[in-house]
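# Coordinate analysis (summary)
Each chain, written out:
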Amino acid sequence: MSAAWMPVCGYDDLLPERGVCVLVAGRQVALFRTWDGGLHALDNLDPFSGAYVLSRGIVGTRKGEPTVASPLHKQVFSLATGRCLDERGVRVPVHGVRLAGAAVEVEVRT
Amino acid sequence: MVGYGPAAHRLVESLRDKGFGGRVTVIGEEPRPAYDRVRLTSYLSGTSAEDLAYDVPEGTLTRLGTRVTGIDRQARQVFTADGGALPYDVLVLATGSAPFVPPVPGAEHAHVYRTIEDLDAIRTAAKDAAEGVVVGGGLLGLEAADALRALGLKTHIVEMSPWLMPRQVDEGGGAVLRRHIEGLGLGVHAGSGVREVVVDGAGRVAGLRTPDGRLLEAQVVVFSAGIRPRDELARAAGLEVGERGGVVVDPGMRTSDPSIYAIGECALAGGMIYGLAGPCNTMAEVAADRITGGSATFTGADLSTRLKLLGVEVAQFGAMTGALDVTYMDPVAGVYKKLFVSDDARTLLGGICVGDASPYASLRPFVGKELPAPPSDLLFSGAGASLDLPGDALVCSCNNVCADDIRAAVADQGVTDVAGLKACTRAGTTCGSCVPMLKRLLERSGVEVGKALCEHFGHSRAELFDIVRVRGITTFSQLIAEHGQGRGCDVCKPAVASILASLHNGHVLEGERAALQDTNDAFLANIQKNGTYSVVPRIPGGEITPEKLIVIGEVARDFGLYTKITGGQRIDLFGARVEQLPLIWRRLVDAGFESGHAYGKALRTVKSCVGSTWCRYGVQDSVGLAIELELRYRGLRSPHKLKSAVSGCARECAEARSKDFGVIATEKGWNLYVAGNGGFQPRHADLLASDLSTEELVRTIDRFLMYYVRTADRLQRTAAWLESLEGGLDHLREVIMEDSLGICADLDAQMAHHVATYADEWSATLDDPDKLRRFVSFVNAPGVPDPSIVFERERGQIKPVMAR
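Residues numbered from 1 in each chain as written. Chains lettered and ligands numbered in written order. Predicted model: local features only at pLDDT ≥ 70, side-chain atom pairs only at ≥ 80, totals over all residues. Heavy atoms only, no water.

Applied cut-off: UniProt positions are given in the numbering used here, feature names are shortened, and annotations may be inferred rather than shown by experiment.
Taking an unreviewed UniProt entry as the reference, chain B is identified by name as assimilatory sulfite reductase (ferredoxin) belonging to Nonomuraea wenchangensis. Its UniProt record gives chain B a comment under Catalytic activity (unreviewed entry), which states: "hydrogen sulfide + 6 oxidized [2Fe-2S]-[ferredoxin] + 3 H2O = sulfite + 6 reduced [2Fe-2S]-[ferredoxin] + 7 H(+)". Chain B has a UniProt comment under Pathway (unreviewed entry) that states "Nitrogen metabolism; nitrate reduction (assimilation)."

An unreviewed UniProt entry annotates chain A as Nitrite reductase (NADH) small subunit of Nonomuraea wenchangensis.

## Digging into the overall build of chain B
For clarity, the threshold we go by: Put simply, DSSP marks the helices as runs of H or I at least four residues long and the strands as runs of E at least two long, and each gets a number from the N terminus on. Burial classes: relative accessible area under 20% of the type maximum marks a residue as buried, over 50% as exposed, and values in between as partly exposed (1.4 Å probe, protein chains only). We call two residues contacting when some pair of their heavy atoms lies within 4.5 Å.
When helices and strands are counted, chain B shows 25 helices and 37 strands. Each principal axis of the C-alpha atoms in chain B carries an extent, and together these give about 95 × 65 × 60 Å. A total of 804 residues make up chain B; the buried ones form 53% of that total. Residue pairs in contact within chain B that sit at least 24 positions apart in sequence constitute 59% of those at least 6 positions apart.

## Quick look at the interface of chain B and chain A
Definition in use: Buried surface area refers to the total accessible area, computed with a probe of radius 1.4 Å, that the two partners give up upon joining, counted for both partners together. When a carboxyl oxygen of Asp or Glu lies within 4 Å of a side-chain nitrogen of Lys or Arg, that pair is called a salt bridge. Pairs of N or O atoms within 3.5 Å make up the polar contacts considered here, provided that, within protein, one atom can donate a hydrogen while the other can accept it, and that residues adjacent in sequence are counted only when both atoms are side-chain atoms. Think of it as three bins: nonpolar holds Ala, Val, Leu, Ile, Met, Phe, Trp, Tyr, Cys and Pro, charged holds Asp, Glu, Lys and Arg, and polar takes everything else, Gly as well.
Across the boundary between the two partners, chain B contributes 56 residues, which contact 47 residues of chain A. Summed over both partners, the interface of chain B with chain A buries about 3800 Å², with 46% contributed by carbon and sulfur atoms. Remark: the boundary between chain B and chain A carries five salt bridges. Between Glu17 of chain A and Lys493 of chain B there is a salt bridge whose closest N-O contact spans 3.5 Å. Here chain B is connected to chain A by 20 residue pairs in polar contact (both at pLDDT 80 or more). Where the side of chain B that touches chain A is concerned, the elements lending two or more residues are helix H1 (6-17), helix H2 (49-52), helix H15 (492-504) and helix H16 (519-523) of chain B. Take the side of chain B that touches chain A: its biggest share by element is three residues, from H16 of chain B. Of the residues assigned to the side of chain B that touches chain A, the class counts are 19 nonpolar, 18 polar and 19 charged.

## A word on the UniProt feature "domain: Rieske" (unreviewed entry) in chain A
Annotation from UniProt places "domain: Rieske" (unreviewed entry) at residues 6-106 of chain A. Secondary structure content for residues 6-106 of chain A is 0% helix and 47% strand, and the end C-alpha separation is 5 Å.

## Some remarks on the domain arrangement of chain B
Residue and element names in this part refer to chain B. For clarity, the cut-off: Where a domain begins and ends is set by an automatic assignment or by a domain database.
Once the domains are mapped, chain B shows domain 1 (6-97 + 229-291), domain 2 (101-225), domain 3 (302-386), domain 4 (388-447) and domain 5 (461-523). Listed per partner, the contact involves twelve residues of domain 3 and 13 residues of domain 4. For the domain 3 and domain 4 pair, buried surface summed over both sides reaches about 1000 Å², with 53% attributable to carbon and sulfur atoms. Counting across the interface, domain 3 meets domain 4 through zero salt bridges. At the boundary of domain 3 with domain 4, the tally comes to one residue pair in polar contact (both at pLDDT 80 or more).

## As for the packing of aromatic side chains
For any two aromatic rings, the description comes down to two numbers: the centre-to-centre distance and the angle of the planes. Condition: Aromatic rings from Phe, Tyr and Trp, with only the six-membered ring used for Trp, were paired whenever their centres fell within 6.5 Å, and each pair was classed as stacked if the ring planes differed by under 30 degrees, edge-to-face if by over 60, and tilted otherwise. The rule for a charge over a ring is simple: NZ of Lys or CZ of Arg within 6 Å of the ring centre, and within 35 degrees of the ring normal.
Under the defined criterion, the tally for this structure stands at 13 aromatic pairs over all chains. Between Tyr633 of chain B and Phe661 of chain B, the ring centres sit 5.8 Å apart and the planes meet at 90 degrees, which makes this aromatic pair edge-to-face. In this pair, Tyr633 of chain B is assigned in helix H19 (residues 622-633) and Phe661 of chain B in strand S33 (residues 661-665), connecting sequence segments 28 residues apart. This pair shows no difference in class: Tyr633 of chain B is buried, exactly as Phe661 of chain B is. Measuring from centroid to centroid gives 5.8 Å for Phe704 of chain B and Trp721 of chain B, while their planes differ by 65 degrees, and the two rings are edge-to-face. Taken together, the positions of Phe704 of chain B in helix H20 (residues 694-711) and Trp721 of chain B in helix H21 (residues 718-724) put the pair 17 residues apart, joining distant regions of the chain. According to the relative accessible area criterion, Phe704 of chain B is buried, its value standing at 1%. Under the relative-accessibility criterion, Trp721 of chain B is labelled buried at 1%. Taken together through their ring pairs, the aromatic side chains of Phe523, Tyr533, Trp585, Trp762 and Phe775 of chain B make up a single cluster. The positively charged end of Arg56 of chain A is found above the aromatic ring belonging to Phe523 of chain B, 5.9 Å away from the centroid.

## A word on helix H18 (residues 581-590) of chain B
Residue and element names in this part refer to chain B. Note the cut-off: What the arc measures is the spread of directions leading from the helix axis to the C-beta atoms.
Taken residue by residue, H18 has Leu581, Pro582, Ile584, Trp585, Leu588 and Val589 as its buried positions. Summarising the axial view, the buried residues of H18 lie within an arc of 155 degrees, below the 170-degree limit, and thus occupy one face. Opposite its buried face, H18 presents the exposed residues Leu583 and Asp590, each directed more than 90 degrees away. Structurally, H18 contributes buried residues whose contacts are with H16, strand S28 (533-535), helix H17 (546-559), strand S30 (571-576), helix H24 (761-766) and helix H25 (769-772). At the exit of H18 stands Gly592, carrying a positive phi of roughly 95 degrees.

## Comments concerning the UniProt feature "binding site: siroheme" (unreviewed entry) in chain B
Residues and elements named next belong to chain B. Here, the residues flagged by UniProt with the feature "binding site: siroheme" (unreviewed entry) are Cys653. Summarising the element assignment, Cys653 is placed in the loop between strand S32 (642-647) and S33. Excluding residues within four positions of it along the chain, Cys653 makes contact with Cys609 and Ser647.

## Some remarks on the sheet that holds strand S7 (residues 76-78) of chain A
One key point about sheets: their strands pair by backbone hydrogen bonds, in either a parallel or an antiparallel sense. All names here are of chain A. Using the following cut-off: Criterion used throughout: strands pair if DSSP finds at least two bridges between them. What counts as an axis is a line fitted to C-alpha atoms, over the stretch in contact for a helix, and the angles between N-to-C directions run from 0 to 180 degrees.
Read across the sheet, three strands follow the order S5-S6-S7 without closing on themselves; strand pairing throughout is antiparallel. Looking at which strands have only one partner, the edges of the open sheet turn out to be strand S5 (58-62) and S7. With strand direction ignored, the average angle separating the axes of adjacent strands in the sheet is 40 degrees. By the bridge criterion, five bridges tie S5 to strand S6 (residues 65-69) in an arrangement that is antiparallel. Of the residues in S6, the one forming a bridge with Gly60 is Thr67.

## Considering the side chain of Thr115 of chain B
Within the secondary structure, Thr115 of chain B is located in the loop between strand S8 (111-112) and helix H3 (116-126). Residues within four places of Thr115 of chain B in sequence aside, it is in contact with Glu30, Tyr35, Arg37 and Leu40 of chain B.

## Observations regarding the pairing of S30 of chain B
All names here are of chain B. When you tally the buried positions in S30, you get six out of six residues, the bulk of the element. Where S28 lies against S30, two bridges are found, and the strand directions are antiparallel. Bridge pairing in S30 places Val535 opposite Leu573. Pairing between strand S29 (residues 562-565) and S30: four bridges, direction antiparallel. Within the sheet, the bridge partner assigned to Thr563 lies in S30 and is Leu573. Connecting S29 to the antiparallel partner S30 that follows it, the hairpin turn spans five residues, and Gln569 within it adopts a positive phi of roughly 65 degrees.

## A few points about unusual backbone geometry
Backbone phi values are negative for most residues with the exception of glycine, while trans is the configuration of most peptide bonds. Backbone geometry at Ala25 of chain A places phi at a positive 50 degrees, although glycine is not the residue there. Considering the arrangement of structural elements, one finds Ala25 of chain A in the loop between strand S2 (18-24) and strand S3 (27-33). A positive phi angle, near 55 degrees, is found at Asn505 of chain B, a position not held by glycine. Checked against the element boundaries, Asn505 of chain B lands in the loop between H15 and H16.

## A few points about the sheet that holds strand S4 (residues 77-80) of chain B
Residue and element names in this part refer to chain B. With respect to topology, three strands assemble into an open sheet ordered S3-S4-S5, the strand pairing being antiparallel. Every other strand in the sheet has two partners, leaving strand S3 (68-72) and strand S5 (85-87) as the edge strands with one partner each. When the angles between neighbouring strand axes are averaged without regard to direction, this sheet yields 25 degrees. Where S4 lies against S5, three bridges are found, and the strand directions are antiparallel. By the bridge assignment for S5, Phe79 is matched with Ala85.

As structure tokens, then:
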């Protein structure tokens, strides 16, 4: 896996504690800015419903871990690991994300 | 431990949970630690190997990509292919199984479907292929067929039995299943088999020849026709193995050598090989218990299954035969449901479902027990939702948890949610199919539910409402900093957003409040199963001019939306993508429409009958009053949705008594009914006051609503709220009609503030470029529609197609 980074939006395009979706090499990636300014990226696909909606979930914390809840059936996923905290063994892919100046960049998987 | 699949992983986890103090080494043949084989197919649609992987529990030593070649039971050590030897005190064989490949010519050119490496090979082969054949029409075979189809191959399924999934469904169910699968464009060849895998001169797979000599052209052939336990190590070490394979174990998972256990698909337990995740996990738990000095036993497992393959729900529970059976069949919808019962038709023995698996959740716990209702009643959709379970009914068969275990967790340990039940009983943690049942048991448990909203607030919603009101708090950040902890969640954020909206009005997407809203409030529309939204313009009282009706029709037509008349006398437009919402609303707002708040916990509609204006029986103008009430309370955010209706006479055509507040005309004025609802637990509204003038009526409703908004729990409808009020209806009457708490002036002022500050959310959104910017599918490609959203047509309109 070689690391390539793609600028996807400005940091200011992200509201604190709200997600957006970006297209990265044809893949839907949900991007989140947490309360403390941290950036996280998960696949946008909700594995429970099969719909591409995770970017539209509510961002919060569970026992201190940053989370997003699926807007369809409210399963909660860790923003750090992609792990579903309500159902063992379910996990959504996590993507690399970083700040480059004022731009947000997402790792492109090849 | 020899073998590192899911059963081995569960054993290691369980040992750790039980505080096992010894050193654990896991030797795995595959190049990676255990991963989730249930979700293996998702690897082909982009889930990476690391996403599927289970975490290696801390302190576990692993030897990956290493084959164990022999066991020296005398010296208690195992030998590895790289020439090493490892000593053991306790050895666990979790060597799994190998796919069965029939010994036919060319079989060496076929694929199997078990590991990530297998899938890599299939993906590579599919690149230059147009057609594929899967041999095996069972659970795994259909999964493989689904995968080939997703890789773009025209796919055939060859099954030896006369119908698909013979272990889960009978002939009738098989026929319905076949129609579903053929409808997806797959070829189904049941009652067939394989004579050879045909290879062309260049050594490439060209097809599969069936016993009757037919050639199914295919460049990829996958065998998925059963498993054979990997027992070669045990066999060579002289352990007892079954006649047809499998390491013989006792109920404690011990082999014929007391220091060697076998678990998972390689173990022959009670004469059976188990290939499902549930029983294999149970075996791991039992072995872990024994290793740590316990006495757990594995005495067989419930092989009930519920799954969705190729978009079809299939379920089987209990026995597949019985003295009597009752069948429900809907060939049009592709639904087949069958129950097997004892000869006196009183005891449920088992069931089969295709196309609608709902009986699985509601009826499986009744297997072996007296039927709660006549079998025919139980087969209709939705039946069984309100059944009370007997205490020993098995709720979670993966982890062997019965209804009384759940009730005990609620009553004795104070568990109040599904997450708590999972942690406390393990129910629902394996396959998850019993989670709806857990929710129902919680709802029906009837015990005091803890008042804390969630882990972030120790307060109830009503307490938070008072804190916000009395302290004049205007932001979530301030509230959680001063009265909570952490950064909130999908429970407390929308609840606080609703409180702030009830108290201060103002736009729900203003500033920090935007981040508190559920997706429905965030996009001011209702999310649907495929991630699109529906739009409901307000039609007060259900009265609409022809011109406005035409505008709705034109908007629906121009944006290709599905339209349906709602139960609340308005029109729902489905299938809008987020970037279309502002364009749709521009047209609607220009035509004089406002948000209908169908997306909010807020007033929905005030239905009406046509009333005295037209109706020969009507005694009051019900439409006029409904419009007045709907315009007065529109936009009022509340703990749950609010519905209302006004009927113009006692015939009650508007069904006002099923509403949160309903009004029925009398000769002298209006009767006000409160706290009714339809839904899960229907309740007729109670008569609060009779023969009110319009002015008295409005004042009473104002106070009723505001008192409810102040004091109800999160997501508590007025019906449940009234039932939870100490003193009930009399208390309510005292508070809002006799001012027993001295708060009526406050309630009145609060409602006056709401009415004075109401503004249409959609028109305000259209005027604000900052808010509009959020209505895009992709921020880095604003013009691109979401390609995952696909529709087909049904009865002349669109309908969502899900990718899986």
